[in-house]
Amino acid sequence: MMKGVVWFRSDLRIDDNPALTNALNSCDVVLAIYIFSQSQWEIHNESNIKHEFLLNNLIKLQESLSTLNIPLIAFNTDSYKTLPQDLSSFAVEQKIDHVFWNNEFGLNEALRDKNSIGSLKKYNIEFSSFNDQVIYEPGFLKTGQGKPFSVFTPFKRRWVENFDMNFLELATPSKQKKAPSIQSDLSILKFVKTHSANIDLWPAGESAAQDKLEDFLHSKANFYNASRNSPILDGTSRISPYLALGILSPKRCILEGLKLNNYEFTSGNKGICKWIDEIIWREFYRNIMHSFPKVSQNQPFQDYTRSIRWRHSEKELEAFYEGKTGFPIVDAGIRQMLAEGWMHNRLRMVVAMFFTKNMLHDWRLGEKFFMQHLIDGDFSSNNGGWQWSSSTGTDSAPYFRIFNPITQSQNFDPDGEFIKKFIPELKDFPIAKIHQPKDDLFSSTDYPSPILDLKKSRIRAIQAFKDAREASGI
Ligand SMILES: Cc1cc2nc3c(=O)[nH]c(=O)nc-3n(C[C@H](O)[C@H](O)[C@H](O)COP(=O)(O)OP(=O)(O)OC[C@H]3O[C@@H](n4cnc5c(N)ncnc54)[C@H](O)[C@@H]3O)c2cc1C
């Protein structure tokens, strides 16, 4: 009799879960585990709201698994260093023959898995791993010169050229005949701190995730091209937290999108095409993380940007972290994240560019701040987004192209509705003046004065990049 365990990580679902389906197809008895490490969570700067979301989703996962007669057992480990032995000890104790998982592509995660394989081997326990986060294994698609892609457009072209509709065959689990004698046990979860405002915005579980997807595809996707840049319209899917923890699979998203567009990637419904592009961006950044390990080691993709002399002002940082820079669109974005655990993509770019260019502060501080507050915190997308905005990354905004937060505000929140929603101090402020902060205009409100001069800060940023290029002989 073959006994298997599915080790759940960022794939907290039963729909389209290849590790789970393969375990059920090849074993007589299947258990499921989740291994939590508080210290690892903290090392990776993961947020409290994501933590709470994780716990809520584990409870939902246990319910879904019980319909398949599979118990879910959660246990703690100190860190990724102790995990391989703890995993093996569990497997030995439960007389497991085979461990199944879906791959995670982070540097620390890859090392953890390598060590886990080594440890399992010592006890003659087999393992199988699968890909559920991407269509192509990171590193598989290469340029004509056989190199990893570092620019999105040719990556996407190759991605589409190589695509075969069979890739969208989803893994469907069958029900285990008899539940094993061991019971589900999530009791460790109650030892973990939970607290976050607004978790209600993010209902847990795969059916909630699929409802969100469905709702987006049927009521918003048609207009996505036009509405995706307007924070007040909320025209995006808001599925990122579900993708980050794997409550929804990217394959499921692509399949459901394609179904509504005659299985076309590049023609037909523009909104759906654009939206699927975004899912491919996600895969692109996973490739970058895999092919260029330096980005996971606190290094910029563009080597010359190591010489940039970032400023450091505690006062400015404090204002930024609280959403009190005096630039309403920047502050509204930050306050949205502090309130909801999520920030609209347009504002993530505006905020990150303001931080790294106008404030000229190190992108790594901003990257960390986002991870500490986002419910969808995802290393590769967050790192990619920050390095794009700071012009230190792959396929980045050129260093001299600096968003003007006032123009961005006028273009993407013309009536100041979003600003008013998140900055109560400006609730009654005249629309004509709401984008443009000036000391005297704001003196009648509690809203702070701008922390910097836009024009001067722009010139300062361009000079800092020029100096770094010169220092590196570019
Ligand atoms: C500075 C910065 C930091 C970011 N940090 C994160 C992060 O930690 N986690 C995260 O998931 N995304 C991050 N993004 C990407 C993007 O902002 C979010 O994925 C998006 O806002 C999520 O909202 P949505 O689900 O409504 O997206 P939709 O517009 O509905 O897009 C669908 C899905 O495509 C993916 N996607 C969309 N835009 C991008 C993008 N630019 N890069 C990679 N994937 C994308 C996401 O998985 C998203 O859920 C960041 C972007 C920037 C500029």
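Residues numbered from 1 in each chain as written. Predicted model: local features only at pLDDT ≥ 70, side-chain atom pairs only at ≥ 80, totals over all residues. Heavy atoms only, no water.

A. Structural view of the pattern of salt bridges. On inspection of all chains with the given rule, the structure shows 23 salt bridges. Between D113 and R9 there is a salt bridge, and its shortest N-O distance comes to 2.7 Å. In this pair, D113 sits in helix α5 (residues 107–122) while R9 sits in the loop between β1 (3–8) and α1 (18–26), placing the two residues 104 residues apart along the sequence. There is no split in this pair, since D113 and R9 are both buried. One salt bridge connects R112 with D113, and the closest N-O pair in it is separated by 3.0 Å. By relative accessible area, R112 is classed as buried at 4%. Where salt bridges share partners, they join R9, E104, R112 and D113 into one cluster. (Salt bridge = Lys/Arg side-chain N within 4 Å of Asp/Glu carboxyl O. Helix = DSSP H or I, 4+ residues; strand = E, 2+ residues; numbered from the N terminus. Buried < 20%, exposed > 50% of the residue type's maximum accessible area, 1.4 Å probe, protein only.)

B. View of the site of the ligand. Residues in contact with the ligand amount to 28 residues; listed here are only the nearest, Y224, T236, S237, R238 and N345. At 2.6 Å from an oxygen atom of the ligand is found a side-chain nitrogen or oxygen belonging to T236. Here an oxygen atom of the ligand sits 3.0 Å away from a polar atom, N or O, in the main chain of I239. Calculation on the ligand without its partners gives an accessible area of 820 Å², and the protein chains cover 96% of this total. Those elements that provide at least two residues to the shell around the ligand are α9 (240–244), α11 (270–291), α14 (345–358) and α16 (379–389). When residues of the shell around the ligand are assigned to their parent elements, the largest contribution, six residues, is made by α11. Split by residue class, the shell around the ligand holds 14 nonpolar, eight polar and six charged. When residues are assigned to domains, the shell around the ligand turns out to be shared by domain 2 (133–171 + 206–291) and domain 3 (303–471), each giving three or more. (Near = heavy atom within 4 Å. Polar contact = N/O pair within 3.5 Å; in protein donor to acceptor, adjacent residues only side chain to side chain. Areas by Shrake-Rupley, 256 points an atom, 1.4 Å probe, with all protein chains shown as cover. Nonpolar A, V, L, I, M, F, W, Y, C, P; charged D, E, K, R; others polar. Domains from an automatic or database assignment.)

C. Focus on the nonpolar core. The biggest cluster of nonpolar side chains holds 121 residues, and the ones touching the most others in it are L12, L65, W159, I254 and W275. The element best represented in this core is α11, accounting for nine residues. When sequence neighbours within four positions are dropped, the list of residues in contact with L12 reads Y34, L54, N57, L58, L61, L245, G246 and I247. Core analysis: the second largest hydrophobic core is formed by 18 residues, I73, F75, I96 and I117 among them. (Core = buried A, V, L, I, M, F, W, Y, C linked by side-chain atoms within 4.5 Å. Contact = heavy atoms within 4.5 Å.)

D. Seen up close, the domain arrangement of the protein. Assigned domains of the protein: these are domain 1 (3–132), domain 2 (133–171 + 206–291) and domain 3 (303–471). The C-alpha centroid of domain 2 is placed 25 Å from the C-alpha centroid of domain 1. Between domain 1 and domain 2, the contact holds 21 residues from the first and 21 residues from the second. Regarding the contact of domain 1 and domain 2, the summed buried area is about 1,900 Å², with carbon and sulfur atoms giving 54% of it. Its largest share of buried area at the contact with domain 2, domain 1 owes to D16, F53 and F105, together 35% of the area lost on that side. For the pair domain 1 and domain 2, the interface holds one salt bridge. Inspection of the domain 1/domain 2 interface yields eleven residue pairs in polar contact (both at pLDDT 80 or more). (Buried area = accessible area lost by both parts, 1.4 Å probe.)

E. Structural view of the sheet that holds β1. The sheet built from five strands is open, its strands ordered β3-β2-β1-β4-β5 with parallel pairing. At either end of the open sheet lies a strand with only one pairing partner, and these are β3 (72–76) and β5 (126–130). When the angles between neighbouring strand axes are averaged without regard to direction, this sheet yields 25°. Summarising the sheet, strand β2 (residues 29–36) and β3 pair through five bridges and their orientation is parallel. Its bridge partner lying in β3, I33 is registered against I73. Helix-sheet contacts for helix α4 (residues 83–93) involve β1, β2 and β3, and the interaxial angle to β2 is about 155°. (Pairing = 2+ DSSP bridges. Axes fitted to C-alpha atoms, helices over the stretch in contact; angles between N-to-C directions.)

F. Structural view of helix α10 (residues 250–259). Most of α10 sits inside the fold, with nine of its ten residues counted as buried. Along α10, the residues classified as buried are P250, K251, R252, C253, I254, L255, E256, G257 and L258. Packing partners of the buried residues in α10 comprise α6 (152–161), α7 (206–219), α9 and α11.

G. Representation of unusual backbone geometry in the model. Residues other than glycine seldom take positive phi values, yet K95 does so here, at roughly 55°. Within the secondary structure, K95 sits in the loop between α4 and β4 (98–102). A positive phi angle, near 60°, is found at Y263, a position not held by glycine. In this structure, Y263 sits in the loop between α10 and α11.

H. Molecular detail of the environment of K175. By secondary structure assignment, the location of K175 is in the loop between α6 and α7. Note: C-alpha distance between K175 and Y304 (129 residues apart in sequence) is 55 Å. With sequence-adjacent residues up to four places away left out, K175 is seen in contact with T67, L68 and N69.

I. Region of interest: the environment of I434. Position of I434 relative to the elements: it lies in the loop between α18 (417–422) and α19 (439–442). Each C-alpha atom, one on I434 and one on I182, is 61 Å from the other, the two residues being 252 residues apart in sequence.

J. Fine view of the pairing of β4. Of all five residues in β4, five are buried; the element is thus mostly enclosed. Side chains H98, F100 and N102 project from β4 onto one buried face, and the interleaved V99 and W101 project onto a second face that is buried too. In the sheet, β1 pairs with β4 via three bridges, with the strands oriented parallel. If you follow V6 over to β4, its bridge partner there is F100. Note: β4 against β5, five bridges, orientation parallel. Considered in β5, the bridge of F100 is made with S128. Remark: the β4/α5/β5 crossover connection has right-handed handedness. (Right-handed = clockwise from strand over helix to strand, strands pointing away.)

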